[in-house]
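Chain and residue survey
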Amino acid sequence: MRLLSTPSRLYRVLALAEVVTWTLLLAGMFLKYVLQSTELLVRIGGGLHGFTFIAYIAVTVLVAVDQQWRLKDLLLGIGSAVIPYLTVPFERSALRRGLLGDRWRLREEQPSSAPQQVVGLALRHPIPAALIVIVGVAVVFSVLLSLGPPTEWFA
């Protein structure tokens, strides 16, 4: 699995995917609310963005645990997904600051905490772990879809 070969590679792919799906969602919102032509792209872009957003958060936590990020860096990584187009600058900054290594530390080192044990197990068995994460993301995504648009959650 080349995608999972390094933390920096996986994080870059998800950061870029987040940018692409933000673009689709914002374009859809422009078509729907400014041009008042269609809401199809909002449905497609919103769905793709929601799924990618949840996946990005999961990967941020995975990488943060493996690479031993400080809590501040983890929160900044998660927060970068909330503001459009901030995931790529955050990923570049994290790479420059040495937060994204060229190897998965917990594939070889002994974990010292419960989160590290879970991440280490996932990294040593990537295919079952990826399937579990995909199913988990799909479940969260489905629950959020059933709740409707975020603007209606508290109405």
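Everything that follows concerns the structure shown earlier in this document.
Turning next to the layout of surface pockets. The space that makes up the largest pocket amounts to roughly 890 Å³. Lining the largest pocket we find 24 residues, and of these L25, G46, G148, P149 and P150 sit closest to its centre. When contributions to the lining of the largest pocket are tallied by element, the ones reaching two or more residues are helix 1 (7–34), helix 2 (40–66) and helix 6 (126–147). Counted by class, the lining of the largest pocket contains 15 nonpolar, 6 polar and 3 charged residues.

Here the focus is the packing of aromatic side chains. Evaluated as defined, the whole model comprises 5 aromatic pairs. Considering the side-chain rings of Y11 and F90, the 6.3 Å spacing of their centres and the 65 degrees angle between planes classify their relative orientation as edge-to-face. Of this pair, Y11 sits in helix 1 while F90 sits in helix 4 (residues 87–96), placing them 79 residues apart in sequence. F90 gets classed as buried once you look at its relative accessible area, which sits at 9%. Centre to centre, the rings of F51 and F141 are 5.8 Å apart; their planes meet at 85 degrees, and the pair counts as edge-to-face. One end of the pair, F51, is in helix 2; the other, F141, is in helix 6, with 90 residues separating them in the sequence. On the accessibility criterion, F141 (17% relative accessible area) is buried. Ring pairs connect the aromatic residues Y11, Y56, W69 and F90, which therefore count as one cluster.

This paragraph deals with the pattern of salt bridges. Tallied over the entire structure, the rule returns 9 salt bridges. Between E39 and K32 there is a salt bridge whose closest N-O contact spans 3.7 Å. Take E39: its relative accessible area is 33%, and that puts it in the partly exposed class. Where E109 meets R105, a salt bridge forms, and the shortest distance between an N and an O atom there is 3.0 Å.

On to helix 1, then. With 28 residues, helix 1 ought to run about 40 Å at 1.5 Å a step, and its terminal C-alpha atoms sit 39 Å apart, in line with that. Within helix 1, burial applies to P7, S8, L10, Y11, L14, A15, E18, V19, T21, W22, L25 and G28. Among the structural elements, helix 2, helix 3 (71–79) and helix 4 are those in contact with the buried residues of helix 1.

To continue, consider the packing of helix 2 against helix 5 (residues 114–124). Direction vectors running N to C along helix 2 and helix 5 enclose 105 degrees, while the axes themselves pass 9 Å from each other. Of the possible angle classes, the one that applies to helix 2 and helix 5 is roughly perpendicular. Note on element contacts: helix 5 touches helix 2 through P115, Q116, V119 and L123, opposite L62, V65 and D66. Here the residues of the contact of helix 2 with helix 5 are counted per class, giving 5 nonpolar, 1 polar and 1 charged.

Bringing the environment of Y33 into the picture now. The topology assignment puts Y33 in helix 1. Taking the C-alpha atoms as reference points, Y33 and V135, separated by 102 residues in sequence, lie 33 Å from one another.

Scoring rules and cut-offs
- Residues numbered from 1 in each chain as written.
- Predicted model: local features only at pLDDT ≥ 70, side-chain atom pairs only at ≥ 80, totals over all residues.
- Heavy atoms only, no water.
- 1 Å grid on protein atoms, 1.4 Å probe; cavity = no way out; pocket = protein on both sides within 12 Å on 5 of 7 lines; lining within 4 Å.
- Points joined across faces, edges and corners; volume = space filled by probe spheres on them.
- Helix = DSSP H or I, 4+ residues; strand = E, 2+ residues; numbered from the N terminus.
- Nonpolar A, V, L, I, M, F, W, Y, C, P; charged D, E, K, R; others polar.
- Phe/Tyr/Trp six-rings, centres within 6.5 Å; stacked < 30°, edge-to-face > 60°.
- Buried < 20%, exposed > 50% of the residue type's maximum accessible area, 1.4 Å probe, protein only.
- Salt bridge = Lys/Arg side-chain N within 4 Å of Asp/Glu carboxyl O.
- Expected span 1.5 Å × (residues − 1).
- Contact = heavy atoms within 4.5 Å.
- Axes fitted to C-alpha atoms, helices over the stretch in contact; angles between N-to-C directions.
- Parallel < 35°, antiparallel > 145°, perpendicular 65-115°, else oblique.

Geometric values such as these leave the question of function open.
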